[in-house]
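So the chains spell out like this:
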Amino acid sequence: MRIVVAEDDALLREGLVLLLRGEGLDVVDAVGDPDALLEAVERHRPDVAIVDVRMPPTHTDEGIRAAVAARAAHPGLAVLVLSAYVEQSFATELLAGGAHRTGYLLKERVGRVGDFLEALRRVAGGGTAIDPEVVAQLFARQRAADRLSDLTAREREVLAVMAEGMGNGAIASRLFITENAVHKHIRNIFSKLGLQAGDDSDRRVVAVLRHLEATGERS
């Protein structure tokens, strides 16, 4: 796995590099601004870019914009975005490019090394990794009138675990229910949200997140 790290905080950037290399991963470059990220992706053609949302010069959305541009130029690039806060519009912009090979984690997740590395490998392998806290806060931002209010408490639990990139078996194990029950809940979730359920769990997760973010923007 060849990795480019883009993080303007030098201490965190070096910490990420040491962590990843300590796990035997190949960090081919570590940069501190969005232009350098685009140059590094073009030069090294990495498998994954780990990108901070807020980067120079304005420290708003430069990281996300650079990640979107990098993937537009190199569609096979996996992107794992790190953010200090849940930014609804940033998640929408990132996920607009497609479900596969996409992750959005809060920076505090990096400290949980096992979770962070699992998410990184999932994204590099073509999957999706959405921080559970992102999902929880998106839920909290919805008005009672949204269609999410139609979901039962158990359906919300299933949806939150789905958003972590887990399949039906893992959801069943996490929630101590049967796979048949998980399948039924997922079918009900998509029916209530007006979304078409497909065979690809990552696509379903992103479709749900897009819906949550779209309804949140209208709030």
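Before going into details, it helps to say that this report is about the structure given with it. (Residues numbered from 1 in each chain as written. Predicted model: local features only at pLDDT ≥ 70, side-chain atom pairs only at ≥ 80, totals over all residues. Heavy atoms only, no water.)

Each pair of packed helices can be described by the angle between their axes along with the distance between the axes. Running from amino to carboxyl end, helix 7 (residues 153-162) crosses helix 9 (residues 179-193) at an angle of 95°, the nearest separation of the two axes being 9 Å. Considering their axes alone, helix 7 and helix 9 lie roughly perpendicular with respect to each other. Contacts between helix 7 and helix 9 involve Arg154, Glu155, Val158, Leu159 and Met162 on the former and, on the latter, His185, Ile186, Asn188, Ile189, Phe190, Lys192 and Leu193. (Axes fitted to C-alpha atoms, helices over the stretch in contact; angles between N-to-C directions. Helix = DSSP H or I, 4+ residues; strand = E, 2+ residues; numbered from the N terminus. Parallel < 35°, antiparallel > 145°, perpendicular 65-115°, else oblique. Contact = heavy atoms within 4.5 Å.)

Turning our eyes to something else, we now look at the sheet that holds strand 4 (residues 78-83). Pairing is parallel in the open sheet, where six strands are placed in the order 2-1-3-4-5-6. The open sheet terminates on both sides in strands that have one partner only, identified here as strand 2 (26-31) and strand 6 (128-130). Ignoring which end each strand starts from, the neighbouring axes of this sheet average 20° apart. Where strand 5 (residues 102-106) and strand 6 come together, three bridges link them in parallel fashion. Counted as the bridge partner of Tyr104 is Ile130 from strand 6. With respect to the sheet, helix 2 (residues 34-44) is in contact with strand 1 (2-6), strand 2 and strand 3 (48-52), its orientation differing from that of strand 2 by roughly 150°. Taken strand by strand, helix 3 (residues 62-73) contacts strand 3, strand 4 and strand 5, and its axis lies near 160° from that of strand 3. (Pairing = 2+ DSSP bridges.)

So, about the nonpolar core. Of all hydrophobic cores here, the largest spans 22 residues; its most connected members are Ile3, Leu20, Ile50, Phe116 and Leu120. At the level of elements, strand 1, helix 1 (10-22), strand 3, strand 4 and helix 5 (113-124) are the ones that each hand at least two residues to this core. Ranked by residues supplied to this core, first place goes to helix 5 with six residues. When near neighbours in sequence (up to four residues on either side) are disregarded, Ile3 contacts Leu20, Leu25, Asp26, Val27, Val28, Asp29, Pro46, Val48, Ile50 and Leu120. In terms of nonpolar packing, the next biggest core, distinct from the first, is built from 21 residues, Leu37, Ala66, Leu77 and Val79 among them. (Core = buried A, V, L, I, M, F, W, Y, C linked by side-chain atoms within 4.5 Å. Buried < 20%, exposed > 50% of the residue type's maximum accessible area, 1.4 Å probe, protein only.)

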